Amino acid sequence: SNGTMTDSDGLLKWKPHNLITNSSATTTSGWSVSQASISAADGIYTLTEDSGSVNGPNTSISITTTYQTNMVVDVKANGRDGITFDCSAPSGTGRSDVNLTTLATSSTGTAVISIDAVSIDDGWVRLTLVCNPSALFRLRIKDSSGPFIYTGDGVSGILFRKPHAYRSDLGGMVNNPA
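The shown structure was predicted, so the numbers you read here are calculated from the model rather than taken from an experiment. (Residues numbered from 1 in each chain as written. Predicted model: local features only at pLDDT ≥ 70, side-chain atom pairs only at ≥ 80, totals over all residues. Heavy atoms only, no water.)

A.B. asks: In this structure, what is going on with the packing of aromatic side chains? I would like to understand it.
C.D. replies: The relative placement of two aromatic rings is captured by the distance of their centres and the angle of their planes. In the structure shown here, the tally under the stated rule is three aromatic pairs. When the ring of Trp31 is compared with that of Phe160, the centres are 5.3 Å apart and the planes differ by 65°; the resulting orientation is edge-to-face. Within this pair, whereas Trp31 is found in the loop between strand E2 (12-15) and strand E3 (32-34), its partner Phe160 is found in strand E16 (residues 157-167), the two being separated by 129 residues in sequence. Exposure class is identical for Trp31 and Phe160. Each is buried. Feature note: the residues Trp31, Tyr45 and Phe160 constitute an aromatic cluster, connected by ring pairs. (Phe/Tyr/Trp six-rings, centres within 6.5 Å; stacked < 30°, edge-to-face > 60°. Helix = DSSP H or I, 4+ residues; strand = E, 2+ residues; numbered from the N terminus. Buried < 20%, exposed > 50% of the residue type's maximum accessible area, 1.4 Å probe, protein only.)

A.B. asks: How do you make sense of the nonpolar core when you look at a structure like this?
C.D. replies: Soluble globular proteins: nonpolar side chains tend toward being buried together. Counting residues in hydrophobic clusters, the biggest one holds 33 residues, and the most contacted among them are Val75, Ile83, Phe85, Leu127, Leu129 and Phe160. Looking at this core, the elements with two or more residues in it are strand E4 (36-41), strand E5 (44-49), strand E8 (69-78), strand E9 (82-89), strand E12 (112-121), strand E13 (124-131), strand E14 (136-142) and E16. Those residues within four positions of Leu129 in sequence are excluded, and the remaining contacts are Thr69, Asn70, Met71, Phe85, Asp86, Cys87, Ser96, Val112, Ser114, Ile115 and Phe137. (Core = buried A, V, L, I, M, F, W, Y, C linked by side-chain atoms within 4.5 Å. Contact = heavy atoms within 4.5 Å.)

A.B. asks: I would appreciate a short explanation of the state of the cysteines in the present structure.
C.D. replies: Two cysteines whose sulfur atoms are joined by a covalent bond form what is called a disulfide. Taken as a whole, this structure holds one disulfide when the rule is applied. In this model, Cys87 is linked to Cys131 through a disulfide, with the two sulfur atoms separated by 2.0 Å. Residues Cys87 and Cys131 are joined through a disulfide that is left-handed, its torsion about the S-S bond being -90°. Within this pair, whereas Cys87 is found in strand E9, its partner Cys131 is found in strand E13, the two being separated by 44 residues in sequence. Accessibility expressed as a relative area gives 0% for Cys131, which makes it buried. (Disulfide = S-S within 2.5 Å.)

A.B. asks: I tried to follow unusual backbone geometry on my own but got confused; where do I start?
C.D. replies: In most cases, non-glycine residues show a negative phi, while peptide bonds are predominantly trans. The phi torsion at Gln35 lies on the positive side, around 55°, for a residue other than glycine. Structurally, Gln35 is set in the loop between E3 and E4. One non-glycine residue, Leu103, lies in the positive phi region at around 70°. Turning to its location among the elements, Leu103 is positioned in the loop between strand E10 (92-99) and strand E11 (105-109). Under the relative-accessibility criterion, Leu103 is labelled partly exposed at 27%.

Below is the structure:
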């Protein structure tokens, strides 16, 4: 929960909390899907595209905020090596495309302030998206070598874990493994 903590520098600071409920990948409750299926096990979500023509198969979660928000999630290619990470805000929408192999990023729209992609371990990439006040964050499967609309094979997709959202104006996320 929100509160304060004594940081390593000895100063009292705000202790941010995760705005996403059910983020431990033991349930898919709260996540909406379109043109895809989602499952959760062992701390990892699996998002699999439908077969046939798909237009950015995705999962999304709504978070009501009135402040700048950081969304952090670890993702891994599982047959598709691209992802679009987007947010909607009263000021407009924004989208960031990420190639999970090269870590190349590009962003469009007024809602996205920044995107960062960092390789962390065993093919996992940590994405940090900073958005203007937002109500919806979405992860879309993308074939990084092709168009946004493509033919899904019914088995490819992405893996994701540890989704967190927190107020970016009050400092970083405090690790809360419980």
